[in-house]
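This is what each chain is made of:
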Amino acid sequence: MVIKPALEHNKKYYVWELTDINIPDKVFDLIENGEFINYNEALGDDHLKHPATRYHLESDPQPNSIIGEILKPVIPFTILSQDYHMDSTWPLFFRKQVAKIRPQFGGSIVKDTPGFTMDPHLDNNLVFATALINLKDNPDCHTEYYSDENGKNIIYRGPTKKGTGTFHFNSPYLFHNGFNKGLENRLIAFANMGTENIHG
């Protein structure tokens, strides 16, 4: 996997582009043998509702640990990086603690049907980091990052090719959106790491 900053050095937006991701065959075995159900049904009533055009893969086994293994290099590579000045959001002492603990990502496999959009939004304060991997070529399906809440000023548009993706540490300035403006289903691996995962 190649991990490189998606933006110039700054104090607000902490985004990396992921390329050359090795996706193991067992991911596609899970997709072939599993079943996609509506994402809101998978989450339950206590979670923020997603668009009805998003679906979550139910499989046996669940893809959580497989996706975590794929993303294993990301936190060690980025957490103490000088690519961005993150101290105002994630102070150095905290990031050193994360580097020592090396928490693991989990994740899910998600299908976004044509017309899907989340609209520009911020992640809640319980989200520490988020990663996305394209499991196939996803034309006209992007993750976009903005400097404004209306999504008028695009600061970065993520890649769409199979084996590429994006990663970001949460920030109170990092408005973003995922959407499918194409004619095919968007197929991705999606992973959040919550602040509750960071403990010593």
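Anyway, here's the lowdown on the structure attached to this text. (Residues numbered from 1 in each chain as written. Predicted model: local features only at pLDDT ≥ 70, side-chain atom pairs only at ≥ 80, totals over all residues. Heavy atoms only, no water.)

### With respect to helix α1 (residues 25-33)
For clarity, the threshold we go by: Between buried and exposed lies partly exposed: a residue is buried under 20% and exposed over 50% of the maximum accessible area for its type, with that area taken using a 1.4 Å probe on protein chains only. Strands here mean DSSP runs of E at least two residues long; helices mean DSSP runs of H or I at least four residues long; both are numbered from the N terminus. In this context, the arc is that of the directions from the helix axis out to the C-beta atoms. The contact criterion used throughout is that any non-hydrogen atoms of two residues lie within 4.5 Å.
Those residues of α1 that sit buried are V27, L30 and I31. Angular distribution of buried residues about the axis of α1 spans 100 degrees; they occupy a single face of the element. Residues of α1 that are exposed and point more than 90 degrees away from the buried face comprise D25, E32 and N33. Contact partners of the buried residues in α1: β3 (35-38), β4 (54-58), α3 (64-70), β5 (108-112) and β11 (186-194).

### Concerning the sheet that holds strand β8 (residues 154-157)
Threshold: For two strands to be treated as a pair, DSSP must find no fewer than two bridges joining them. Only the stretch in contact is used when fitting a helix axis, every axis being a line fitted to C-alpha atoms; angles between N-to-C directions are given from 0 to 180 degrees.
Strand order in the open sheet formed by 3 strands is β8-β7-β10, and the pairing between neighbours is antiparallel. Both edges of this open sheet fall to β8 and β10 (175-180), since each of them pairs with a single strand only. Direction aside, neighbouring strands of the sheet carry axes that sit 25 degrees apart on average.

### Re the nonpolar core
Under the convention used in this document: What is meant by a nonpolar core is a set of buried Ala, Val, Leu, Ile, Met, Phe, Trp, Tyr and Cys residues, joined one to another through side-chain atoms within 4.5 Å.
If you look at the biggest cluster of nonpolar residues, it comprises 42 residues, and the most contacted ones within it are L71, I75, F105, F128, L135, F167 and F169. Those elements that place two or more of their residues in this core are β2 (14-19), α1, α3, α4 (74-78), α5 (92-101), β6 (127-134), β9 (165-169) and β11. Setting aside its immediate chain neighbours within four residues, F167 contacts Y14, V15, W16, L18, V74, I75, T78, F105, A129, T130 and A131. Membership of the second largest hydrophobic core comes to 5 residues, among which are V110, L132, I188 and F190.

### A closer look at the pattern of salt bridges
Rules: By convention in these notes, a salt bridge is any Lys or Arg side-chain nitrogen within 4 Å of a carboxyl oxygen on Asp or Glu.
Scanning all chains against the criterion turns up 6 salt bridges. For E17, the salt bridge goes to K4, with nearest N and O atoms at 3.9 Å. You can see E17 sitting in strand β2 and its partner K4 sitting in strand β1 (residues 2-5), a full 13 residues away along the chain. Residue classification places K4 among the partly exposed positions, given a relative accessible area of 42%. Ionic pairing is found between R157 and E144, a salt bridge with its closest N-O pair at 2.5 Å. Of this pair, R157 sits in strand β8 while E144 is found in strand β7 (residues 141-146), placing the two residues 13 residues apart along the sequence. Judged by its relative accessible area of 44%, R157 is partly exposed. Since its relative accessible area comes to 5%, E144 is described here as buried.

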